[in-house]
Amino acid sequence: MKVWQGTGWEKRLGELQGNSLRVLFHLTMVAGWNNVVPSPSVTSKAMVLRQSHTSRAYAQLIKANFLIKSNDSYYLSPLYCWKGNDQQYEEAIKALSSTPKQRLVLVNFTQQS
């Protein structure tokens, strides 16, 4: 897994607290190929956290652009880290910039970095 350094993520980490940080680090460890991560209910069971705490952490991670929800799936932002090959990374960035909602994620990321 590649984790990008010097991209402004350290500022965003400062906004997160408690369970949000724990959930982020857990998701980073369990992320599958193409940054796919489990649903909040699966994460809640794996981490032995209340569902409400995990759902709140997911919402905070989405707001801070560490996590992306697409349809009913969750992904770590490829701007934060990447688990996959370079071609898949390029495709993920292209897909991220092709939809208006995800384009907003890219704009917010570059403005806050």
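In case you missed it, the structure is sitting above this.
Described below are features of the structure shown in this document. On a predicted model such as this, the values are computed, not experimentally measured, just so you know. (Residues numbered from 1 in each chain as written. Predicted model: local features only at pLDDT ≥ 70, side-chain atom pairs only at ≥ 80, totals over all residues. Heavy atoms only, no water.)

With phi around 65 degrees, N34 is a residue other than glycine that occupies positive phi space. Summarising the element assignment, N34 is placed in the loop between α2 (18-30) and β2 (36-37). We note that N65 has phi near 70 degrees; this positive angle belongs to a residue other than glycine. For N65, the position within the fold is in the loop between α4 (51-63) and β3 (67-70). Look at N65 and you get buried, because its relative accessible area is 6%. (Helix = DSSP H or I, 4+ residues; strand = E, 2+ residues; numbered from the N terminus. Buried < 20%, exposed > 50% of the residue type's maximum accessible area, 1.4 Å probe, protein only.)

Mapped onto the secondary structure, M29 falls in helix α2. Note on M29: relative accessible area 67%, which makes it exposed. The spatial distance from the C-alpha of M29 to the C-alpha of M1 is 9.4 Å, given a sequence separation of 28 residues.

Once that is clear, we can look at the pairing of strand β4 (residues 73-76). Where burial is concerned, the two faces of β4 differ: the one with Y74 and L76 is buried and the one with S73 and Y75 is not. Judged from the two bridges that link them, β2 and β4 form a sheet pairing that is antiparallel. Across the sheet, V37 pairs through a bridge with Y74, a residue of β4. The pairing of β3 with β4 spans four bridges and is classified as antiparallel. Each bridged residue has a counterpart across the sheet, and for K69 the counterpart in β4 is Y74. What sits between the antiparallel neighbours β3 and β4 is a turn of two residues, in which N71 has the positive phi angle 55 degrees. (Pairing = 2+ DSSP bridges.)

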